[in-house]
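# Observations on the three-dimensional arrangement
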Amino acid sequence: FLNSADAAPKKNDFYDRNLALFEEELDIRPKVSSLLSRLVSYTNITQGAKEHEEEESAEASRRKTPKSPNMGTLMGVYLPCLQNIFGVILFLRLTWIVGMAGIMQSLLIVLMCCSCTMLTAISMSAIATNGVVPAGGAYFMISRSLGPEFGGAVGLCFYLGTTFASAMYILGAIEIFLKYLVPQAAIFHATDTLGSDSAMLNNMRVYGSICLSLMAVVVFVGVKYVNKLASLFLACVIISIVSIYAGAFKSLTHPPEFPICMLGNRTLVRDGFDVCAKTVIKGNVTVPSQLSESFCLPGNMSSAHCDDYFNQNNVTEIQSIPGLGSGIIRENMWSDYQRKGEILEKAGLQSTDAHGAMENFGMYVSADIATSFTLLVGIFFPSATGIMAGSNRSGDLRDAQKSIPVGTILAITTTSLVYFSSVVLFGSCIEGVVLRDKFGDAVRKNLVVGTLSWPSPWVIVIGSFFSTVGAGLQSLTGAPRLLQAIYTLLMTNLSLSLILNFWFQVFGHGKTNGEPTWALLLTGLIAELGILIASLDMVAPILSMFFLMCYLFVNLACAVQTLLRTPNWRPRFKYYHWALSFLGMSMCLALMFISSWYYALVAMVIAGMIYKYIEYQGAEKEWGDGIRGLSLSAARYALLRLEVGPPHTKNWRPQLLVLLKLDEDLHVKYPRLLTFASQLKAGKGLTIVGSVVQGNFLDSYGEMQAAEQAIKNMMEIERVKGFCQIVVASKVREGIVHLIQSCGLGGMKHNTVMMGWPYGWRQSEDPRAWKTFINTVRCTTAAHLALMVPKNVSFYPSNHERFTDGNIDVWWIVHDGGMLMLLPFLLKLHKVWKKCQMRIFTVAQMDDNSIQMKKDLAMFLYQLRIEAEVEVVEMHDSDISAYTYERTLMMEQRSQMLRQMRLSSAERQREVLHTVYLHPSLIDRHSLVRMGSLYSDEEEEVVEAPPEKVQMTWTREKCEAERRNRNNAPENFRELMSLKPDQSNVRRMHTAVKLNEVIVNRSHDARLVLLNMPGPPRNTDGDENYMEFLEVLTEGLERVLLVRGGGREVITIYS
C-alpha cells in the first residue's frame, strides 16, 4: 500500500522502511540506535584539571578527539585519596593529641572521625554509582539528590572548606619552616617571655601571605606543574610514614638519644643551655652551669639570689623516647588536659612546691592553649577529610562505578589503620611530657614525631614540609574549579539576581582555556583570611565545620533516595542501607557541635542563607532531586489523611478557586482579583487560579499553554502562592462548570469561589456575560461552595498600599455560616488592611428588640475572639416610593425591549439563508457559522453550516413578505410604554433601595463593605432583574465584597 513514487522524496537514510509506522514521530522520538550512538560518544567533564593542562599546549588544543579515560582504581582513586587524607595534622599535631587526650581518648577521637568518613564514603559510593558524576563532585551529587537549594548551599560550604584547607596546609608548612627548618628566618622576635606567641603569629602571617602568593602564581601559570609534582608530594608522605614505623620498631632495641631536662617534675626548654646540671667541672673547678646562670642573678651564685623552685629541686635528665618495650604506654593511657600557660609536669618525679620568679617562666615548657576533648576532635577531623578526591576524578576513570567505591573505602581503611597504629606507637614509645610538648621545645626544638623517625629527624621534617606544600597546592587548584562547576550548573538551572549573576559571571569565568582565573583570585582572598588567623589550631575547626556539613548532606541524600525508592535509584554499589546513612548523618551533626558549637551554628547559618536565597530565586527546570520525591510522598500521605472526612469548623479556611477572565491577547483582565486573593491568604489555605479558553482542545492547546504562562506570571507578580488550572471548552459556561467540579485533589479541594463582576452588562446586547455569571452563582450554590464577588475590583488596594485608618464594614443581613465575620479577620492579618477597624451592622425589623440584639451580637463576637464595633440598624416599614416604582418600571421595560430586539433561533436561521440567497458569492462556510452565532445565547446551539449545495425553497416574494412582517416596531414600542411592573419585582426593588440608602448612609467612607449576596431567582426568567437588584443594592459604594456562604458553619466559639 506504500507507493514508491511517494516515498522517493523522503530521506531513505533516516526513515527506515521497517519503521514506517513510526516515521512521523522520528523527529521527536529517535531510533534506539541513534540514542545509543549518542550515549557512547558522551564524554564526561572532569574536575581533575586534566583538560586545562592539555589546552595549555598548542598541540593539544588543536586535537579534537577526546582522550579516553584509562585510570584504574589504584592511580585514579586510591592514591589521590591517600594524598588528600594524609596531611599536616598527622605530622604536627597527632603526637600532641595523644599526649593531651591519652591513648584511650585518642583512639576514640580517631574512631569517631574515621567512622564518620567511612559511613559517608558508603553513602557517597551509592550516589556516585547511581549515574555519571561530572564536574563539581559533592556539589553535583547533593544537588541532584536533594535539589539545587541544598546543592548550592553545601557546594559553597565545600568550596569554603577546601579554601580554608589550603590556608591550613600553608600555615602548617610555615610552622615547619620557621620552627624546624630555618628558625633564623623569623622577622618578629619576642621582647619578653610573654610576647613569644604574638611574635610567632605575626611571622606566620607574613610568611603565610608570601607562600600563598607564590602558590597562587604557580597555579595561575599552569596546573600541569602541580599535577607533575603530585607524585613527588605523595612519595614524601609515604616515605615519612614509613620512617615513623621504622623508628618505632627500631626503638625496641636502640631507642634514639634525645634526652630531656627536668627541674623537679617540670620540663625545661632545652635550647637555652648545654648541660642539664646546676654545676659543671672546668679544669678541676666546679662552676655554675648555664642553667644556673639562667635561674640566678649574674655575678652571685649563692642560693639567696637564685629562684626558690630552682634551689629546692634537683635537675634530672630522662629519655624522651624510652622505646617500644619500656612500658611507658601505661603512663600515656589516660588524658592530661592542660590550661593555657600551665607548665608540663611529669607525674612520677619528686618535686617540692615553691613559688618561682615570673622572669624564669620562659625556661619551662608550657601549654600555649587550653585543651579539651572537644577541641582535639575539631583539630583532628581535617586529617580524615579528602575522601571525595576519587569521585571528583570520575571522568578520568576507566570504570568509575567500580573504582570509586573500592578505592575510596580502601583508602579510608588504610588511613584509619595508620592513625590507630600511630596513636598506639606514639603512646608506647614517647615520654608523656614530650608528647604534650607541641613544638618540641624539650627536645632542642625538634619536631616530636621526627625524634622517633629513622634514620634521621630530617626525613620527617623535609617530607612533611613538602607534603603540606603539595596539599596546599592541590587545595588551591581544586577550590576554584569547584566554584566554576557550581557556577556552570547554577547559571544553567537558576534565574539568579543581577548582583549574584554578576558575581558568578566574574568569578566563574576565566582564561580562554578554561582556567578559572577570577575564581583563583577569590579563593586566594578567602584563604588569606585563614592565613591572618595564623593559628593552625584555630583554622582546623573552621574547615571541619564545612566538611562535616558537606558529609552530613551526602548521608542525607543517600538516606532520602533509599527510603523514597525512586525508580531512578539503582546504584551499582549494593552495600549501603538507609540506617547507615542516618547514623553517618547523626555522627556528622554530633561532631559539628562537639568540635565547636558556635562554629557549627555559623556554618549552619551560612548554609541556610544560601539555601533560602537559591530557593527564593527558584529553579528554572526540574532537577529530578530527592526532595521533590520526598515532597510528593509527603503530599500523598497528607492527601490520604485528609480524605478521612470533612474538616472541622476550627480547621476551616477559605480554599479559593479564583476565576479569571483573559482578553484577546491572553492578558489577565482584572489582576486585582489576584491581589485581593493574596491578601486573603493569611488563612494559609489553598489557591487555585482558573480560566477558560474557548475552543477545541486539539486546536487550542498552544493557546492554553500561553494562557497558563500568562496567569503564572501574573501570580508571581502579585505573589499568589497557588496553582493554575486552564480548561479548554466549547462554551465558557461549560468550562467554568468543569473547573468548579474538577479542581483540586482529594481533601485539598476548593470550598470558595471568587469571580469578578460582569461590568457593562447593561450596555451589552449580548446576554452571555451576565447569564454566565448567574449560572456560576447557581453552580456554586448547588455544589455547596462559598462565593465571593468583589465589585469595583479595580479600586481595591494593591499589595504596596497601606491603609493607616478607616473601617471594614460588615452588613450582616442573613446568617451565612460566619463567612462575613471570618473574611475581615483574615484580611486584617495582611499589612494592607492591618490598621483598619472592623464594624458589624445588622438590620432590625419592627418586631425585633434592637437593644437586646446589640448585646447578643457583642457577646457573640466576644466569644468568637473578634474585636469589632457593633451597630444595629432599624429599618421601619415604609410606603413604596415613586423612585422605587420608577426603577422597577425602567428595569422591566429594558428587559422587554432587549427581549424583543433579540431574534429567535428560527428567525436567525432564516436571516442567514436569506443572505446566502441574495449574495451567494460573498458567503463561505465559516462566515455562515459566524453570522449564525452573532447573537446566539450560550444556552442555544450554534447554527451548523449547511452543505455545499443549498437547496433553496424561497422565492423573492417570500423574502419581501418576511421583511415587511418585521416592520412592526411602533406597535411594540407602545406596548412597552403601557407596561405595568410586577408587584414581586417592586417589593424586591423596594428592599434593595432601602438597604442601599442605609448602607450608603453608614458606610459611604468605609475602606471595604462586606454584604450578604442574595441568591438568584429559582425562575430563570427573572435573571436580568436579579442583576439589576444587585446593582441597586451596591450603588454608591466604592469597594463592595458580595459574600455568599456555602451552607456550613465556618467559625465557632469553641476552642
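- The chain has the name Solute carrier family 12 member 4 in an unreviewed UniProt entry, where Cyclopterus lumpus is given as its organism.
- Quoted verbatim from the Sequence similarities (unreviewed entry) field of UniProt, the annotation for the chain is "Belongs to the SLC12A transporter family. K/Cl co-transporter subfamily."
- Its UniProt record gives the chain the following Subcellular location (unreviewed entry) comment, quoted word for word: "Cell membrane".

### Comments concerning the confidence of the model for the chain
- Overall, the prediction assigns the chain a mean pLDDT of 79, with 76% of residues at 70 or greater.
- Of all helices and strands in the chain, the one with the weakest mean pLDDT is helix α33 (residues 925-932) (39), whereas helix α22 (residues 578-595) scores best (95).
- Across residues 41-66, confidence stays below pLDDT 50; counting only partners more than four residues off in sequence or on other chains, it has 49 contacts.
- With pLDDT under 50 throughout, residues 972-978 is counted as low confidence; its partners more than four residues away or in other chains account for six contacts.

### Focus on the sheet that holds strand β10 (residues 786-791)
- If you trace the 10 strands from one edge of the open sheet to the other, you get β8-β7-β6-β9-β10-β15-β14-β11-β12-β13, paired in mixed fashion. The open sheet is flanked by β8 (723-729) and β13 (869-874), the only strands paired with a single partner. Each strand axis lies, on average, 20° off the axis of its neighbour in the sheet, ignoring direction.
- Sheet topology places strand β9 (residues 752-755) next to β10; three bridges connect them, and they run parallel. Looking at the pairing, Met 754 lines up with Met 788 of β10.
- Sitting on the sheet, helix α28 (residues 768-782) touches β6 (656-659), β9, β10 and β15 (1040-1044), and the angle it makes with β9 is about 170°.

### What to know about the pattern of salt bridges
- This structure, assessed with the given rule, holds 17 salt bridges.
- Salt-bridge contacts for Glu 331 lead to Lys 346; the nearest nitrogen and oxygen are separated by 3.0 Å. Placement of the pair is Glu 331 in the loop between β5 (315-319) and α14 (373-380) and Lys 346 in the loop between β5 and α14, with a sequence separation of 15 residues.
- Among the ionic pairs, Glu 431 bridges to Lys 346, the shortest N-O distance being 2.6 Å. Separated by 85 residues along the polypeptide, Glu 431 in the loop between α15 (400-429) and α16 (432-435) and Lys 346 in the loop between β5 and α14 bring together distant segments of the chain.
- Among the charged side chains, a network of salt bridges with common partners joins Arg 93, Glu 175, Asp 368, Lys 438 and Asp 537.

### Digging into the nonpolar core
- Ranked by size, the top nonpolar core spans 158 residues in total, and within it Met 168, Phe 380, Tyr 419, Phe 426, Ile 430 and Phe 553 carry the most contacts.
- The residues contacting Ile 430, other than those within four sequence positions of it, are Ser 320, Ile 321, Pro 322, Ile 328, Asn 332, Leu 435, Val 448 and Leu 452.
- Counting 55 residues, the second largest nonpolar core, distinct from the first, contains Leu 673, Val 810, Leu 857 and Leu 864.

### Quick look at the pairing of β8
- The buried fraction of β8 is high, at five of seven residues.
- Note on the crossover from strand β7 (residues 687-694) through helix α26 (residues 697-717) to β8: the handedness is right-handed.

### Thoughts on the state of the cysteines
- Evaluation of the coordinates by the stated rule reveals two disulfides.
- Here Cys 261 engages in a disulfide with Cys 276; their sulfurs sit 1.9 Å apart. Linking Cys 261 and Cys 276, the disulfide has an S-S dihedral of approximately 80° and is accordingly described as right-handed. Remark: Cys 276 occurs in the loop between β2 (266-267) and β3 (279-282) and Cys 261 occurs in strand β1 (residues 259-263); sequence separation between them is 15 residues.
- Taking relative accessible area as the criterion, Cys 276 reaches 13% and is therefore assigned buried.
- Look at the chain and number its bonded cysteines as they come in the sequence; the links are 1-2, 3-4.
- Unpaired in this structure, Cys 114 has its nearest cysteine sulfur neighbour in Cys 113, at a distance of 6.7 Å.
- Judged by its relative accessible area of 6%, Cys 114 falls in the buried class.

What counts and what doesn't
- Residues numbered from 1 in each chain as written.
- Predicted model: local features only at pLDDT ≥ 70, side-chain atom pairs only at ≥ 80, totals over all residues.
- Heavy atoms only, no water.
- UniProt positions renumbered as here; feature names shortened; annotations may be inferred.
- pLDDT = per-residue confidence, 0-100.
- Helix = DSSP H or I, 4+ residues; strand = E, 2+ residues; numbered from the N terminus.
- Contact = heavy atoms within 4.5 Å.
- Pairing = 2+ DSSP bridges.
- Axes fitted to C-alpha atoms, helices over the stretch in contact; angles between N-to-C directions.
- Salt bridge = Lys/Arg side-chain N within 4 Å of Asp/Glu carboxyl O.
- Core = buried A, V, L, I, M, F, W, Y, C linked by side-chain atoms within 4.5 Å.
- Buried < 20%, exposed > 50% of the residue type's maximum accessible area, 1.4 Å probe, protein only.
- Right-handed = clockwise from strand over helix to strand, strands pointing away.
- Disulfide = S-S within 2.5 Å.

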